[in-house]
Amino acid sequence: MATVAALDPPATTVAPEPRRRWLDGLGWATPGALVGALVAYVSHEGLIDDVYITLGYVQNLAADLHWGLIPTETTNTATSPLNVVLLALATGLVRLVTGELRPVVGLGLLTVALSAAMSLWSARAARGLGVSPAWSLAVLALVFANPFVNSSIGMEVLLTAALMTGLLDEAVRGRRVAFGVFAGLLVLTRLDIGVVVAAVFLLTPALRRRLWVSPLVGLAVAFPWFAFSWWFLGSAIPTSFVIKTLQRSFGDITFANGWLEFWSGDGGPAVSMAVVPALIGVLVTVLLLAVGLRRRLPAHVWPVAGLGVGGLAHFGAYCLLHVPPYHWYYVPSTVALGLTTLFGLALLLRRVRGDRPGRALAHAVPVVVAALVAGLAVGTVAGRGFPWTHPVIFGNWALPPSYLEVGEEVGELVGDGTVASTPEIGTVAYACDCSVVDVFSDPGLAVPLIQERIDQASPVTRFILRANFYRLDFEDRPRDLDYRLVWQPGVVEVPEGVPSWETYAPGYGPATVWLERVP
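Per-chain numbering applies: the sequence of each chain, read as written, is numbered from 1 onward. Residue-level local features of this predicted model are given only where pLDDT is at least 70; pairs of side-chain atoms are given and counted only at 80 or more, and the full residue set underlies all totals for whole chains, interfaces and linings. Based on all heavy atoms of the structure, the side-chain values leave hydrogens and waters out of the count.

Considering the overall build of the protein
The number of helices and strands found in the protein is 22 helices and five strands. By principal-axis analysis of the C-alpha atoms, the protein measures approximately 80 × 50 × 50 Å. Residue contacts are counted whenever heavy atoms from the two residues lie within 4.5 Å of one another. Contacts in the protein between residues far apart in sequence, at least 24 positions, make up 73% of those at least 6 positions apart. Within the protein, the 37 negative side-chain charges are centred at a point lying 23 Å from the centre of the 33 positive side-chain charges. Secondary structure elements are taken from DSSP: a helix is a run of H or I of four residues or more, a strand is a run of E of two residues or more, and numbering for both begins at the N terminus. We count Lys and Arg on the positive side and Asp and Glu on the negative side, and we leave His and both chain ends out. Where a charge sits is defined by one atom per residue type, namely NZ (Lys), CZ (Arg), CG (Asp) or CD (Glu).

Re the sheet that holds strand β3 (residues 483-489)
Note: two strands are recorded as paired if DSSP finds a minimum of 2 bridges between them. The strand order β2-β1-β3-β5-β4 describes an open sheet built from five strands, whose pairing is mixed. Where the open sheet ends on each side, the last strands, each with one partner, are β2 (435-437) and β4 (500-505). Pairs of neighbouring strands in the sheet enclose a mean axial angle of 25 degrees, with direction left out of account. Sheet analysis places strand β1 (residues 418-420) next to β3, joined by two bridges and oriented parallel. Paired with Ala 420 across the bridge in β3 is Arg 484. Every axis corresponds to a line fitted to the C-alpha atoms, with the helix fit spanning only the stretch in contact, and the corresponding angles, defined between N-to-C directions, vary from 0 to 180 degrees.

Some remarks on the side chain of Glu 73
Its place among the elements puts Glu 73 in the loop between α3 (49-64) and α4 (81-98). The term polar contact refers here to a pair of N or O atoms within 3.5 Å; inside protein, the definition further demands a hydrogen-donor-capable atom paired with an acceptor-capable atom, and it admits residues adjacent in sequence only when both atoms are side-chain atoms. Here Arg 479 takes part through its side chain, which lies 3.1 Å from a polar atom of the side chain of Glu 73. In contact with Glu 73, not counting residues within four places along its chain, are His 66, Trp 67, Gly 68, Ser 441, Asp 442, Pro 443 and Arg 479.

Brief notes about the environment of Ala 370
Here Ala 370 is to be found in helix α18 (residues 359-381). Each C-alpha atom, one on Ala 370 and one on Leu 137, is 5.8 Å from the other, the two residues being 233 residues apart in sequence.

Regarding the packing of α4 against helix α5 (residues 103-129)
One can describe the packing of α4 onto α5 by two numbers: an axis separation of 8 Å at closest approach and a directional angle of 110 degrees. In terms of their interaxial angle, α4 and α5 are classed as roughly perpendicular. For the pair formed by α4 and α5, the contact residues are Asn 83, Leu 86, Leu 87, Ala 90, Thr 91, Leu 93 and Val 94 on the first element and Pro 103, Val 105, Gly 106, Leu 107, Leu 109 and Leu 110 on the second. For the contact of α4 with α5, the class distribution of residues is ten nonpolar, three polar and no charged. Each angle is binned into one of four classes, with values under 35 degrees roughly parallel, values over 145 roughly antiparallel, values of 65 to 115 roughly perpendicular, and all other values oblique. Residues are grouped as follows: Ala, Val, Leu, Ile, Met, Phe, Trp, Tyr, Cys and Pro are nonpolar; Asp, Glu, Lys and Arg are charged; every other residue, Gly included, is polar.

Let's talk about the packing of α5 against helix α6 (residues 135-145)
In the contact formed by α5 and α6, the axes pass within 8 Å of each other and the chain directions differ by 135 degrees. Regarding the angle of α5 to α6, the classification is oblique. Helix-helix and strand crossings are classified by hand; for α5 and α6 the assignment is right-handed. Along its contact with α5, which presents Ser 115, Met 118, Ser 119, Ser 122, Ala 123 and Ala 126, the element α6 presents Trp 135, Ser 136, Val 139, Leu 140, Val 143 and Phe 144. In terms of residue class, the contact of α5 with α6 is built from eight nonpolar, four polar and no charged. Definitions for this section: a left-handed crossing has its near helix turned counterclockwise from the far helix by less than a right angle. A right-handed crossing has that turn clockwise.

So, the nonpolar core
In terms of nonpolar packing, the biggest core is built from 133 residues, with Met 118, Phe 179, Phe 343 and Leu 485 touching the most fellow members. In terms of residue count, the dominant contributor to this core is helix α8 (residues 157-173) (eleven residues). Residue contacts for Leu 485: discarding those within four places in its chain leaves Val 406, Val 410, Val 419, Ala 420, Ser 421, Thr 422, Val 428, Trp 501, Val 513, Trp 514 and Leu 515. Definition of nonpolar core: a set of buried residues of the types Ala, Val, Leu, Ile, Met, Phe, Trp, Tyr and Cys, connected through side-chain atoms within 4.5 Å. With a 1.4 Å probe rolled over the protein chains alone, any residue whose accessible area is under 20% of its type maximum counts as buried; one over 50% counts as exposed, and the rest are partly exposed. Counting seven residues, the second-largest nonpolar core is a separate cluster that includes Ile 450, Ala 457, Leu 465 and Phe 469.

A short note on the confidence of the model for the protein
Note: pLDDT gives the predictor's confidence per residue, expressed from 0 to 100. Considering every residue of the protein, the mean pLDDT works out to 91; 94% of them sit at 70 or more. Taken together, the stretch residues 1-6 has pLDDT below 50 and engages in eight contacts with residues farther than four places along the chain or on a different chain.

Now the structure itself:
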């Protein structure tokens, strides 16, 4: 029974009074807010194109309560409805203060808030596990060192990481209602994260004692949006699910082997900050499960094992979905397994220390781990500028400032006309604030893809998809085009009088974009 004793919270642990707990929590939120502000500043000029798809939704929602990438079409391609809504609220607050609609500033504000919340919830989870709350500093360092996260700031990646720490905190404490709230919020962040939620729930004894409570609360939180989306937007799930699953892979690179491609590429040292902790997390998960099978794992530690199992299950589910290896798709699994690594290390160190006094040492170790991780992370991104022009993982065809310039000038040129986008629509559509169309912004272009996905599905999946798209207007037709944006690598001579722009991006080099009329 030595293992049990080593993993149980110390007998001297006493729950602090409410006022002291509140002040203590505020203290641990402060470093999170500071780190979030730094990350927001470093990343704000180098946001990837898919972030601007989100910000396009935010811009329209905050301005006119309109749900769509462009002002002239209602669409349902925002992968994370909760992220869009929170960003719109933050943008609305900025507008109250400045009088201007500035979604990028709203993004900075939300980044600070989520980072503070993640630090607070991590500290609370650590206390619940009987280890130093200073491990929240290591959580901050590891999450932001993860290039799958820091290269996607603005998407739902930070919201995912923050809510996972809150979920873990409530599971460790066995708070069924609060766990259900976090479960519902995570599902609204990304529907697929329900896999992680389910693993933590099923492996936490305290949550299973009244099995129905947490699922019902989670359903109450998430169901209203999915019902609204099904009735008014034509689909309970975002139609981006169809678009991405039809892409399947980038040549021979699939989701299953994509992480190896990232790791072996030029950004390998940076990607190690995600992959290595995740691989260690797999070992920690196996160790915890082995102890659990021998009935020696205390109830309050099971959520850590559940988080690791959830990370593995999420990775496996995405392999089965056959989606391309977009780098932000690796965030739920690498963050879940990374958290498992940190808290597993914390529990191991406490076991080694045993009941010996050493409060200073207990706090010092996580601070050292945080400093080490932060130092390695800074080393992997050195030389990118401050703020950076593009993140560590960057696959777009042009740098953000170039796309923003194109979008602004296209908006002035086309007016009320409709223009077909290049394959990357987000930044141009955001800056243009006009009718730039592709499958993400024009429902008429998405309908054939949805029908194709239904036709390719197995009988069971086909039934589910038909039920999901029951209220979709399959008679919707694409908008008539007035203009077309064309992208071509290299410096290309275009006919006199045709608006054109020279762009550049790492990995693609110089390129030319021009605007032509559609006959």
